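Chain residues, written in single-letter form:
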Amino acid sequence: MAFYVDGYVIPVPKKNLAAYRAMARKAGKIWREYGALEVNECVADDVQPGKLTSFPQAVKLKADEVVVFSWITYKTRAQRDKINKQVMNDPRLADMMDPKNSPFDAKRMFWGGFKPIVSL
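**Here's the deal with the overall build of the protein**
In terms of helices and strands, the protein carries four helices and four strands. Seen in sequence order, the protein has helices and strands lined up from the N terminus as β-α-β-α-β-α-α-β. In terms of principal-axis extent, the alpha carbons of the protein reach across some 40 × 35 × 20 Å. Looking at the protein as a whole, 37% of its 120 residues are labelled buried. Taking contacts inside the protein between residues at least 6 apart in sequence as the whole, the part at least 24 apart equals 83%. Accessible surface for the protein amounts to roughly 8,100 Å². Of this, 57% is attributable to carbon and sulfur atoms. Across the protein, the centroid of the 20 positively charged side chains sits 3 Å from that of the 13 negatively charged ones.

**As for the nonpolar core**
Ranked by size, the top nonpolar core spans 18 residues in total, and within it Y20, W31 and L93 carry the most contacts. Elements with a minimum of two residues in this core: β1 (4-13), α1 (17-34), β3 (65-74) and α3 (77-88). Here this core takes six residues from α1, the largest share from any one element.

**Here's the deal with the environment of A36**
With respect to the secondary-structure elements, A36 resides in the loop between α1 and β2 (38-43). Along the backbone, A36 and I72 are 36 residues apart, and their C-alpha atoms lie at a distance of 6.9 Å. Filtering out sequence-adjacent residues up to four positions away, A36 remains in contact with W31, I72, T73, Y74 and I83.

**Let's talk about a nonpolar patch on the surface**
Where nonpolar side chains cluster on the molecular surface, the patch consists of F55, F69 and F110 and spans about 260 Å² of accessible area. Position of F110 relative to the elements: it lies in strand β4 (residues 110-114).

**Considerations on α3**
Taking 1.5 Å per residue as the helical rise, α3 with its twelve residues ought to reach 16 Å, and the 16 Å between its terminal C-alpha atoms agrees with that figure. Those residues of α3 that sit buried are Q79, R80, I83, N84 and V87. When α3 is viewed along its axis, its buried side chains cluster within an angular range of 125 degrees and face the same direction. Those residues of α3 that are exposed and angled more than 90 degrees off the buried face are A78, K82 and K85. In the core, the buried residues of α3 are packed alongside β1, α1, β3 and β4.

**What to know about the sheet that holds β1**
The strands making up a sheet associate through hydrogen bonds between their backbones, and the pairing can be parallel or antiparallel. Here four strands make up an open sheet; going across it, the order is β2-β3-β1-β4 and the pairing antiparallel. Two strands close off the open sheet at either side, each with one partner strand: β2 and β4. The mean inter-strand angle of the sheet, taken between neighbouring strand axes irrespective of direction, is 15 degrees. Two elements, β2 and β3, share six bridges in a ladder whose sense is antiparallel. Counterpart to V43 in the pairing with β3 is V68. Where α1 meets the sheet, it contacts β1, β2 and β3, and its direction lies at approximately 165 degrees from that of β2.

Rules behind the numbers
- Residues numbered from 1 in each chain as written.
- Predicted model: local features only at pLDDT ≥ 70, side-chain atom pairs only at ≥ 80, totals over all residues.
- Heavy atoms only, no water.
- Helix = DSSP H or I, 4+ residues; strand = E, 2+ residues; numbered from the N terminus.
- Buried < 20%, exposed > 50% of the residue type's maximum accessible area, 1.4 Å probe, protein only.
- Contact = heavy atoms within 4.5 Å.
- Areas by Shrake-Rupley, 256 points an atom, 1.4 Å probe, with all protein chains shown as cover.
- Lys, Arg positive; Asp, Glu negative; His and termini not counted.
- Charge placed at Lys NZ, Arg CZ, Asp CG, Glu CD.
- Core = buried A, V, L, I, M, F, W, Y, C linked by side-chain atoms within 4.5 Å.
- Patch = residues over 30% accessible without salt bridge, like charges linked within 9 Å, V, L, I, M, F, W, Y side chains within 5 Å.
- Salt bridge = Lys/Arg side-chain N within 4 Å of Asp/Glu carboxyl O.
- Expected span 1.5 Å × (residues − 1).
- Arc of directions from axis to C-beta.
- Pairing = 2+ DSSP bridges.
- Axes fitted to C-alpha atoms, helices over the stretch in contact; angles between N-to-C directions.

The following block contains the structure:
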């Protein structure tokens, strides 16, 4: 496979969803500017608690929150590492990096990098 994926899941208070969307658009444009191939942000539509685990359980979802599932695609892991470093140092995103300004609880966010094994 000729690409690499960062995936992440976060709980977003429903009242902050518009603010999250605005933040994601701004950040996504910057990720793309540095070379990310694709940025996707999706809000839960059909996500139920499971018996052992699930998206809601993984983020300790509260009644007034919704799960957001997102991924960014890159050409390679090396490109991802370079782009993420550039993005994290970009002054246009400094205000977003401050937990006091975040529209979600970053402590309940989980993420990781993935090597695709099937792409159809």
